[in-house]
Amino acid sequence: MESEELRRISEALLTIHNAKVSNGDRRQAQEFLDAIKAEDEAPLWGYRLAIHDPPRPDQIRHFGLSLLYHAIMHQYPTYDFSKQVALRNWVVELATAISPNDAYYLKEKLAALWVAVAKRSWGAKPGEWNDMDEELVRLWNLSPSARDLSISILRTLFEDVFILDDPLAGKRSSALSAQCIEILTDENILLNMYQTRDEAIRRLRFGCEGWLVRWSRLLGECLDRGVVDTETEGFAIKVLQGLKTCLVWAFPSAIREAELLNRISQALTINNVKVRIWATDCLHILFTRTFSDDDDFRAVIGAVFLPAGIATLSQVFASIKIEVDDLDEDSYILLKKMVEMIVGLGEYLSVSDGNKNCLPPEADLKGYLELVLATTQHESLIISGLSLQFWCSILRVEELASRQEVADLLPRLLELTAHRSIRYERVETHTVTKKFLDIDFDSMPEVHAFLGNYRRFIDDIARLVVCRMPVDSMLWLDMRLDKFFSSWHGWHSNGSPVALQKDPLFLVAYAQFSMVDAALRGISRWKGWYQEPDKNIILLSLNPIIERFCDRMLSMNVTDPVLLRKQIQTLVQFAPLMTDVSQTMFRVLERVLQACTFEYQPNIPDEDVELIRDLRNKCSTELNRLAYLMPNALMQIYPDLERIINEIIGSHRLSDHEVVSFLSFLLVVSQRSDASNKAECFAKIVDPVLNSWTDEATMKGLSQLPWFMERVGIVEIAKYFRDRGVDANTDLLATPMDDTGRLLKTRLKDQWAALFPIRATRIFIQYTIEKLDHSSEEFQNLLSLWKPRVQPILPHILQLLAQIEAYNNPENWEDLPLEVRSFVRDSCAERFWQVGISLQSRDEFVEDNVKAAQTLRDFADSLGHMLRYTREYAFLALGSITQLESTLYEIPAIGTALWRALAGQPQGITLHAWKHLVAFVVRPVVRNCPPELREVFFPDFLPAMLTQLEGVIGARWDELMRRGLIGQVEEDDVLSDEMMDEYLLRQFSNVVDRLLIDLVGPLTVTGTPGGIDVNGNDKLDSSSVDLRTYVLTHPVVLGPFLTLCTRLFMVRDTRCSYSCALILRQIVPLMIGQYAEVDDYLCDVVMPACLTVLADVYFADVAGEASYVLTMIYTVLRGKYDRPFRKMQQVLSGVASDDIIALEREFASVKTLRQQRGVMLEFLTLLKAVPDGPEGEVARRIAKVRKEREKEGKNRQAWAVTRKVAEQHEAVDNVLEEGGLTNLFGNED
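Just so you know, these numbers come straight off a predicted model, no measurement behind them.

### Focus on the environment of D750
Logical step 1: Turning to its location among the elements, D750 is positioned in helix α42 (residues 739-753).
Logical step 2: Residue D750 is classed as exposed on the basis of its relative accessible area, which comes to 56%.
Logical step 3: D750 sits 94 residues away from D656 along the chain, and the two C-alpha atoms are 8.6 Å apart.

Written out as structure tokens, the structure reads:
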């Protein structure tokens, strides 16, 4: 019978792997094989299939191992002792019979099987597999193949116990970690370290020699033979892979005893790239681990920093030759890892109190810094970028930056930053650096993200170097600038116009200004930092240099809009450095004003118009920056400024937006200065704007939707359409605009620009209060001016939002004429271009919009853009008002009114609008609510808001899931729309996720000592704690919060789901047992949600945190009542009561939450309630190897990815003029 079953299994497997077999036969064979796994005899059949005799194809033997694996995973605890021993013996026998010809995946599967048994039974009970170490030593001595397998087994075991978050290893973490240390370490070392040892653990080892010594000896033998053949190379790599898993936790004395530093260092110098890569990995781990004993530290790290050690590292680095035109990928990977390892050693230069270990006096600091500088100078920016953070850190630490070895490198560092300030993404010539970028990145967005980050570091290094040597740096830069702009290699004279932007010299010129900008900020830092007695003497030398530098910059007649913008930004940096109100600064102000009014030349291309518009907008921001930098100086000439600006405004050469920027300049000058007439200046600028909220036309337009539609021009547009014969079926995109339409469009655009004063309101509030301490007299004075003015206009701002939402609501279009209804629908359509999603290129998208501007659809596009723009500024205005302390929050019933205005008509709110609504209004409203008004405001606002957001999130994700996989959509245009919807939904979901974090404070992984804040903060501030306490102690808020959090926890967005799992893990211990309704919800909803997440392979990255939440809820509430017991039975249909009782006994037998989680996951695995994946643990390991390989390719993108994540979190805070605000109020240390 057994042979018959083996034959049927073999035939089924051959059927599955036969490409000529029909799908039906293949499906039937697969069903048969799946059923086989549940048979009682499956382990025996697996063993029979896996043995060598008789010979069988590898896929059949692999399936046999899979049957054994399935039995271990799902049935092992149910077997009696004799069956467990039989299963274990089969695994050992199969491992012993390994042969050189066996496939790699069979060996890895065998290693995983061995470890799966070891985690369950090795040393678990007296007499239960106490001779595993002896079995491994027998494998080691049996044959080369068996020796290879023994290393794989130990590597896999060490990974599971010490590196991976393996739940089963976690369940026995204390025992397994002690046992691993026992067999790894030489017994003499253990005798010296411990006076007494656990005899039960000691008996698990075989012989006095530990595996660290065996591995080291084998590595030495391989290196002595020169790694010249495949077998030697394989063993060297295998040993290094094993060492990589244990160097971080092995005793340093054992590492020294095994002479591993010497042998791994020797491996770094041989002529085999693959071995060198693994050796570099091992050294990196060894060099970045902790050393508690000074002798160990000196023997490992101290030895590396000695002149001989640094010389060896320098030689190895220099020996790695990379030819960009004939790139060897392995060598490039080696170079990256080598540089990471070299830079990682910089951690030991720290002189902080927290650094217990000190380098020896004879350490070659100069040689090490020279080596790091050599890596920074590499032509690959990926390689160069790995050390930039190192230099920023060194130059910020006074004890290090003041060392002579560092000072000697500063001129070369400054020169390097000057060369690397180029905008490489715009370089068209095929330089070596450009070729490396082409190799390192697959798309331009990745290149832009990486280079943006690279330049930020370069800029910071330049700034810090100038701060250390201000006079010499400025003289060098002055000479460099003069040489470039006055030589043939720059432009023939200072007064000549800049060449076209594609000219390579344009990029060099732009980089010159960038360097000057960084240097000036370095001087500003020096002025605040340097407090030595000779400061005034240095200033006497420095001030004339700065003044001369500024004069030189002013003498350059730059006419290219992009370069002129950079010149203006650089000139403004001189403001805080001028010693008095000099004539030079007035020339700077004059130049800024000229740039703000840069003329549009007639008949220029649209692209040039956009460049000039961007120049004027950016320079308006710089004008306001000047107001912040020198308000008192400018206040001395305030009447003249007021007159000049009124003349400019009266010339009608400015757009409405530009007028607001000029007025805000005057407002900031007056309010940030020490003038005595602040209130008078404030009223003169602000009151005319705010009074327009209450003029008759505005109030009428905001009173009802019909009047609002008339005010925005719908009536005029409808009349024009009727005159043109446009009806509901007319294709507006195919109907050209005539002269009458162009005149109407121009008039409407002028009308729209000043339709509602929302932008000016927002800008005035934000610019006056930004970055002011709320306890300062300056802020309190502004608050007294703003509060009585803002409260009366708040209802009008809310009315404006309500009318825009009503306009977008299709239910309000029913009474409109058909042609008007069609037009309104078109005006509400949002059109986006998104890299990687839109089928068009960006240029095609822009071209289509330019063409649309010549047709009647431009009316709909322009009106829709104006309304969306107005809504965004209304959102931003409300966000700014929340910073005015109680101004908003003390208004009676404002919470209800605010949410009704924001989301009272959700039918027309798009995902894009929802995202901005939450980011610009809801999050600031929550964060800025004064603690004393939370009890008044939050009950009206939070429950309604959280409930509605949960409804929107749920409905949109349900709709997305109903539509199915996007890849199944066939039409390209539909595909792009589907992808855009999903993209926007994910963005919206992530913004809501950030809102939840606002409500409960930054997330910490509480399982770690002291907690690790995933947001980068060291601890919760008092405001976050108070807000979290409010949420958790008010059931009316906690209920909707939990509902929304649980909904986001289950959406198919791993980042959202993981974040919500962290939220639940953080707050469950704080709220469990406090409210009966909350406890019931945790049992009835959150527990099943956790089980659903754990059962879905999509949520593999979330499973770890979800299992913690599930375990916490069950173990705590089970002590209160039996509801968790019943719910577990209900969700896991078919589970017997006795099984759950056995689970609870297991819970009681372990101490820590991690161990309890291991018990829970083992229980669910036995029930098949969590997925093993296609090949269980082997697949997980193969996936891990693949991820490591992918990491080599993606290492080059690390900065790009990091920046993208940060930008996604904050991107919604940077639209409209937010970028300008960021520039205005940026912080630097």
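### Description of the packing of helix α7 (residues 132-142) against helix α8 (residues 144-163)
Logical step 1: Between α7 and α8, the least distance of the axes is 6 Å, while the angle of their chain directions is 145°. Contact residues: α7 offers M132, L136, L139, W140, N141 and L142, while α8 offers A146, R147, S150, I151, I153, L154 and L157.
Logical step 2: Residues belonging to the contact of α7 with α8 are distributed by class as follows: ten nonpolar, two polar and one charged.

### Let's talk about the nonpolar core
One recurring pattern in soluble globular proteins: nonpolar side chains tend to sit buried together.
Logical step 1: W114, L243, F764 and W786 are the most contacted members of the largest nonpolar core, which totals 398 residues.
Logical step 2: The greatest single-element share of this core, amounting to 15 residues, is contributed by helix α44 (residues 777-808).
Logical step 3: Excluding anything up to four places from it in sequence, W114 contacts V91, V92, A95, W129, M132, E135, L136, L139 and I153.
Logical step 4: Among the nonpolar cores identified, the runner-up in size contains 15 residues, and A12, L13, A29 and W45 belong to it.

### Quick notes on the pattern of salt bridges
Logical step 1: Taken as a whole and judged by the stated rule, the model has 70 salt bridges.
Logical step 2: In this structure, K119 and D166 form a salt bridge, with 3.0 Å as the shortest nitrogen-oxygen distance. Residue K119 is found in helix α6 (residues 104-121), and its partner D166 is found in the loop between α8 and α9 (167-171); the two are separated by 47 residues along the sequence. The same class applies to K119 and to D166, which are both buried.

### A look at the packing of helix α37 (residues 656-672) against helix α38 (residues 678-691)
Logical step 1: The interhelical angle for the contact between α37 and α38, taken along N-to-C directions, is 165°, at an axis separation of 9 Å. The angle between α37 and α38 places the two elements in the roughly antiparallel class. Of the two possible hands of crossing, α37 and α38 adopt the one that is left-handed. Across from L663, L666, L667, S670 and Q671 in α37, the residues of α38 making contact are K678, C681, F682, I685 and V686.
Logical step 2: A breakdown of the residues in the contact of α37 with α38 according to their chemical character gives seven nonpolar, two polar and one charged.

### A word on helix α31 (residues 535-554)
Logical step 1: Over its 20 residues, α31 runs 28 Å from end to end, which matches the ideal 28 Å to within 8%, given 1.5 Å per residue.
Logical step 2: Of all the positions in α31, only K535, I538, L539, L542, I545, I546, F549, C550, M553 and L554 are classed as buried.
Logical step 3: Tucked inside the fold, the buried residues of α31 contact α29 (470-486), α30 (504-529), α32 (561-572) and α33 (583-596).

### A few points about the confidence of the model for the chain
Logical step 1: Looking at the chain as a whole, the pLDDT averages 87, with 88% of positions reaching at least 70.
Logical step 2: The low-confidence segment residues 1005-1020, where pLDDT is below 50, has 25 contacts with residues more than four positions distant or belonging to other chains.

### Looking at helix α17 (residues 273-288)
Logical step 1: Under the 1.5 Å per step criterion, the end-to-end length of α17 is 22 Å for 16 residues, consistent within 8% with the ideal 22 Å.
Logical step 2: In terms of burial, α17 is a largely internal element, twelve of the 16 residues being buried.
Logical step 3: Within α17, the full set of buried residues consists of V275, R276, I277, W278, A279, T280, D281, C282, L283, I285, L286 and F287.

### Describing the environment of E379
Logical step 1: Of note, E379 is situated in the loop between α21 (365-376) and α22 (381-385).
Logical step 2: Classification of E379 as partly exposed rests on a relative accessible area of 42%.
Logical step 3: On a C-alpha basis, the gap between E379 and V432 in space is 6.7 Å, while along the polypeptide they are 53 residues apart.
Logical step 4: Those residues in contact with E379 that lie beyond four places of it in its chain are R420, V432, T433 and F436.

### Re the environment of L984
Logical step 1: You can see L984 is positioned in helix α52 (residues 972-1000).
Logical step 2: Judged by its relative accessible area of 9%, L984 is buried.
Logical step 3: Separated by 70 residues in sequence, L984 and W914 have C-alpha atoms that sit 9.7 Å apart.

### Considering the side chain of R289
Logical step 1: Position of R289 among the secondary structure elements: in the loop between α17 and α18 (294-305).
Logical step 2: No salt bridge is formed by the buried R289. Its closest oppositely charged neighbour is D296, at 7.3 Å.
Logical step 3: Those residues in contact with R289, other than ones at most four positions away along the chain, are L247, V248, W249, A250, P252, I255 and Y348.

### Concerning the side chain of R61
Logical step 1: Inspection of the secondary structure assignment puts R61 in helix α4 (residues 58-74).
Logical step 2: Judged by relative accessible area, R61 falls into the buried class, the value being 9%.
Logical step 3: A polar contact of 3.4 Å, which involves the side chain of R61, links it to the side chain of H52.
Logical step 4: Excluding its chain neighbours within four sequence positions, the residues that come into contact with R61 are L49, A50, I51, H52, R56, D102 and L106.

### Describing the packing of aromatic side chains
The geometry of an aromatic ring pair comes down to the distance between the two centres and the angle between the two planes.
Logical step 1: Following the criterion strictly, the structure yields 35 aromatic pairs and no others.
Logical step 2: Geometrically, the ring pair formed by Y332 and F436 is tilted, given 5.6 Å between the ring centres and 35° between the ring planes. Of this pair, Y332 sits in helix α20 (residues 329-344) while F436 sits in helix α27 (residues 432-440), placing them 104 residues apart in sequence.
Logical step 3: With relative accessibility at 4%, the residue Y332 sits in the buried group.
Logical step 4: For the pair W899 and W914, a centre-to-centre distance of 6.5 Å together with 40° between the ring planes defines the contact as tilted. Within this pair, whereas W899 is found in helix α49 (residues 894-903), its partner W914 is found in helix α50 (residues 911-928), the two being separated by 15 residues in sequence.
Logical step 5: Judged by its relative accessible area of 5%, W899 falls in the buried class.
Logical step 6: Lying over the aromatic face of Y69, K109 brings its terminal NZ or CZ to 4.6 Å of the ring centre.

### Quick notes on a negative patch on the surface
Logical step 1: A contiguous patch of negative charge on the surface is contributed by E323, D326, D328, E329 and D330.
Logical step 2: Tracing the backbone shows D330 in helix α20.

### With respect to unusual backbone geometry
Logical step 1: In the Ramachandran plot, E259 falls in the positive-phi region, its phi being about 55° despite a non-glycine side chain.
Logical step 2: Its location among the elements puts E259 in the loop between α15 (252-257) and α16 (260-267).
Logical step 3: With a phi close to 60°, H652 is a non-glycine residue in the positive phi region.
Logical step 4: With respect to the element layout, H652 can be found in the loop between α36 (638-650) and α37.

About the criteria used
- Residues numbered from 1 in each chain as written.
- Predicted model: local features only at pLDDT ≥ 70, side-chain atom pairs only at ≥ 80, totals over all residues.
- Heavy atoms only, no water.
- Helix = DSSP H or I, 4+ residues; strand = E, 2+ residues; numbered from the N terminus.
- Buried < 20%, exposed > 50% of the residue type's maximum accessible area, 1.4 Å probe, protein only.
- Axes fitted to C-alpha atoms, helices over the stretch in contact; angles between N-to-C directions.
- Contact = heavy atoms within 4.5 Å.
- Nonpolar A, V, L, I, M, F, W, Y, C, P; charged D, E, K, R; others polar.
- Core = buried A, V, L, I, M, F, W, Y, C linked by side-chain atoms within 4.5 Å.
- Salt bridge = Lys/Arg side-chain N within 4 Å of Asp/Glu carboxyl O.
- Parallel < 35°, antiparallel > 145°, perpendicular 65-115°, else oblique.
- Left-handed = near helix turned anticlockwise from the far one by under 90°.
- Expected span 1.5 Å × (residues − 1).
- pLDDT = per-residue confidence, 0-100.
- Lys, Arg positive; Asp, Glu negative; His and termini not counted.
- Polar contact = N/O pair within 3.5 Å; in protein donor to acceptor, adjacent residues only side chain to side chain.
- Phe/Tyr/Trp six-rings, centres within 6.5 Å; stacked < 30°, edge-to-face > 60°.
- Lys NZ or Arg CZ within 6 Å of the ring centre and 35° of its normal.
- Patch = residues over 30% accessible without salt bridge, like charges linked within 9 Å, V, L, I, M, F, W, Y side chains within 5 Å.
- Areas by Shrake-Rupley, 256 points an atom, 1.4 Å probe, with all protein chains shown as cover.
- Charge placed at Lys NZ, Arg CZ, Asp CG, Glu CD.

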